[in-house]
Amino acid sequence: MTQALNIVWFKRDLRIADHRPLATAARLGPVLPLYIVEPDFWAQADASARQWAFAAESLEELGRELAVLGQPLCVMTGDAVGIFREIHQRHGIASLWSHEETGNGWTYARDLAVAAWAREQGITWHEPRQFGVIRRLASRNGWANAWDSDMAEPVTVPPIALKPLGVDWPQTIPTAAELGLQPDPCPDRQRGGRTAALATLAGFLGERGRDYRFRMSSPVTAFEACSRLSPHLTWGTLSMREVAQASVTRLRALKPLGDPSAKSWRASLISFMGRLHWHCHFMQKLEDEPRLEFDNLHRGYDGVRPDVADQIKLDAWCAGQTGFPFVDACMRALDRHGWINFRMRAMLMSFASYDLWLPWRASGLHLARQFVDYEPGIHWSQVQMQSGTTGINTMRVYNPVKQGMDQDPTGAFVRRFVPELEGVPDAFIHEPWKWSGAASLRYPPPIVDHATAAKAAKDALYALRKGAGHKEAARKIVTKHGSRKAGTAATGRKPKAKARVVQADQLTLDL
DNA sequence: AGTGCAGTTGACTTT
DNA sequence: TAAAGTCAACTGCAC
C-alpha cells in the first residue's frame, strides 16, 4: 500500500493560483486533486446548464494546469461522502483540503455530511478561507478591517510540481445532458477558465474600467464597462485576493499620472473596489443566516405575498413578455448573456416582487438559473432587498418606464433585444401601448398597470411595517447584519450631508 | 430697471 | 439601487 493521500477537493475555486489548500497539502505528501460532479447538486432548482458549462470549461483548463504540475485532476461523479468513502477504502485518505464555502442550503447540508463522515474516520478536513467571509462570526464589528487585512495577505504561490500518483484516475467531465440538465442555450455566455479570467481582469483594469462609475448603470454600456469578473469569482478561476491586489496595483500605477483622466480612472477603480468588499459583505449574511435563502429575513412579512406564484405572470416575466419594453429587453439580454448589470437585476426583481406580486423564491430561482455568476449569498440577499422583506431597507420600487427613459433614452437597447418594437417611434419606445400603431404590434400589452400595482404593493408592505413588533425585530436584524460604515450602525450617528453626496455614486446599501 | 409670476431646479422628506 | 411629493430658491420673461 502506498502512502495515504492528501485530497485537495476543488469546489468553486477552480484555479491553482492563490489556492491555499493545494499549496499546503502539496507540502505534506502525495496530493490527489479532486473535483466531484454532484448530480444532486445540479438537480437543484437554482442550478442550470449554463452554470455547468462555465464550470466544465474551467475544470478542463484546471485539469491541464494540474497535468503540467504532474498530477492531473481527478473528476468523479456522484455523492461526495460516497466518493470519499470509496477512495478511503481503496487508498487511504490522510487529510482533506478544500476552501471554506458559503454556498446554498444544499452544499451546506453536504458539507455537514462530509464533516461528520471525516470526523468519524478520524480524517482532518482543513478548510482555509478564500473570501472575506468569516465562519461563526460573533459580531459584525471590525468586519471591514478584517476584510482589508485578509485581502492584503500575500497570494499563495502554487506548488512547482505535484508527485504523480501513478494510478489512472478518472478524468471525464460529463456533459450537461449526461448530468440530466435541461437544454439551456446561452449564446453570448462568458467562457470559463483561467485564461479567460486573466484576460477579463486585464481588459477591465487596463482599459474597460476607465469610466466604470458612469457606465455601470445603463445596460447599454454596462456589458463593456463592468468588470465582468463575477462568474470567475463565483467559480474561483480568480481569487478575490488576486482581484483586490491587482486593483490596488493598478490604482498605484495611476497615481503618478497627473492628468485629469487619471483622476477619474482612480475614482472608478475605488468604486469598483468598494464592490469587491460588498461581494463578501452579502455572502457573510448567508453565512450567518442560511435561512435567508428560503424565508423572509424579517418574519413579519410572512404570508404577505401568495405562497404559490401566479403562473401566467411568472411565465411572462421569465420569457420577457410583460409588455414593458425595458423589463423585457433586460430579461432577454440576460437570457442570451447569462449576465446583466446590477441595477437591471434590481429592476427585474423589483418588477417581479412589487408589480407582479410574485413570491420572491420563485422569481429568484429563475434569476439564479439565468446567472452564470450565481452566488447564493449575494443573490438571495439582493432578492430579499428588492422584495422589501428584510425589514430594514427602504422599499425601492422601480418604475420600468422611467428606468427605460433614463438608462436607454434612444431605445437602442430595447430595439436590439425586443425586435418586435423596431418600428415604434422613439417617443413611444418605452410605452408602446400609448402609440397609435400599437394594435399592429406583435407585442403584448402591459401585463399590469404600473402605478396601480406599485401602489398596492407599497400599501400592503407599509401596513405591515407599521404593525406591532416590526421595529423590534428590524432592530435585531440591523445589529446582526448591518454594515458598519461610518455614521451608521457603528457610531449611531447619521452621516453628514456632505459625506452622503460623496458616497452617492458608490454602493451605499443600507443593509 | 423693477415687479410679478409661471415654470424649473435642487435639497430634503415621505412612502 | 427608487420615486413621488414638498418647499424654497432661482430663472426667464412679459409688462
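Residues numbered from 1 in each chain as written. Chains lettered and ligands numbered in written order. Predicted model: local features only at pLDDT ≥ 70, side-chain atom pairs only at ≥ 80, totals over all residues. Heavy atoms only, no water.

Enquirer: Explain the overall build of chain A to me, please; I cannot follow it from the model alone.
Expert: Per the secondary structure count, chain A includes 22 helices and five strands. Over its C-alpha trace chain A gives a radius of gyration of 24 Å, about what one expects of a compact globule, namely 24 Å for 511 residues. Counting only C-alpha atoms, chain A reaches 80 × 55 × 50 Å along its principal axes. Burial analysis of chain A (511 residues in total) assigns 56% to the buried set. Of the roughly 22,000 Å² of accessible surface on chain A, 56% is carried by carbon and sulfur atoms. Both charge centroids of chain A, one from 63 positive and one from 53 negative side chains, sit 8 Å from each other. (Helix = DSSP H or I, 4+ residues; strand = E, 2+ residues; numbered from the N terminus. Rg over C-alpha atoms; globule rule 2.2 N^0.38 Å. Buried < 20%, exposed > 50% of the residue type's maximum accessible area, 1.4 Å probe, protein only. Areas by Shrake-Rupley, 256 points an atom, 1.4 Å probe, with all protein chains shown as cover. Lys, Arg positive; Asp, Glu negative; His and termini not counted. Charge placed at Lys NZ, Arg CZ, Asp CG, Glu CD.)

Enquirer: Even after reading the chapter, I still don't get the pattern of salt bridges, so can you show me in this structure?
Expert: Taken as a whole and judged by the stated rule, the model has 35 salt bridges. One salt bridge connects Glu207 with Arg210, and the closest N-O pair in it is separated by 3.2 Å. The partly exposed category is assigned to Arg210, whose relative accessible area is 28%. With a shortest N-O distance of 2.9 Å, Asp426 and Arg415 are connected by a salt bridge. Remark: Arg415 occurs in helix H19 (residues 412-417) and Asp426 occurs in the loop between H19 and helix H20 (450-466); sequence separation between them is eleven residues. Using a relative accessible area of 52% as the deciding quantity, one classes Asp426 as exposed. Within this structure, Lys11, Arg12, Glu38, Glu101, Arg110, Asp111 and Glu375 form a network of salt bridges that share partners. (Salt bridge = Lys/Arg side-chain N within 4 Å of Asp/Glu carboxyl O.)

Enquirer: Teacher, can you tell me more about the sheet that holds strand E2 (residues 31-37) here?
Expert: The strands that make up a sheet pair up through hydrogen bonds in the backbone, lying either parallel or antiparallel. Taking strand neighbours across the sheet as the criterion, the five strands line up as E3-E2-E1-E4-E5 in an open arrangement whose pairing is parallel. A strand with exactly one partner marks an edge of an open sheet, and here the two such strands are strand E3 (74-77) and strand E5 (124-126). Across this sheet, the average inter-strand angle for adjacent strands is 30°, counted without regard to direction. As judged from the three bridges shared by strand E4 (residues 93-97) and E5, these two strands associate in the parallel manner. Directly across from Leu96, in E5, lies its bridge partner Trp125. Sheet strands touched by helix H3 (residues 49-69): strand E1 (5-10) and E2. Its angle to E2, the strand with the most contacts, is close to 165°. (Pairing = 2+ DSSP bridges. Axes fitted to C-alpha atoms, helices over the stretch in contact; angles between N-to-C directions. Contact = heavy atoms within 4.5 Å.)

Enquirer: Please explain helix H7 (residues 194-206) as it appears in this structure.
Expert: Residues that lie three or four places apart on an α-helix share one face, since the helix turns once every 3.6 residues. Here H7 is 13 residues long and its end C-alpha atoms lie 18 Å apart, about the 18 Å a rise of 1.5 Å per residue gives. Within the sequence span of H7, burial applies to Arg194, Ala197, Thr200, Leu201, Phe204 and Leu205. For H7, the angular spread of the buried residues around the axis is 125°, confining them to a single face. In H7, those exposed residues whose orientation departs by more than 90 degrees from the buried face are Thr195 and Ala199. Considering only its buried residues, H7 is in contact with H3, helix H8 (212-215), helix H9 (219-225), helix H10 (230-235), helix H11 (240-254) and helix H12 (260-288). (Expected span 1.5 Å × (residues − 1). Arc of directions from axis to C-beta.)

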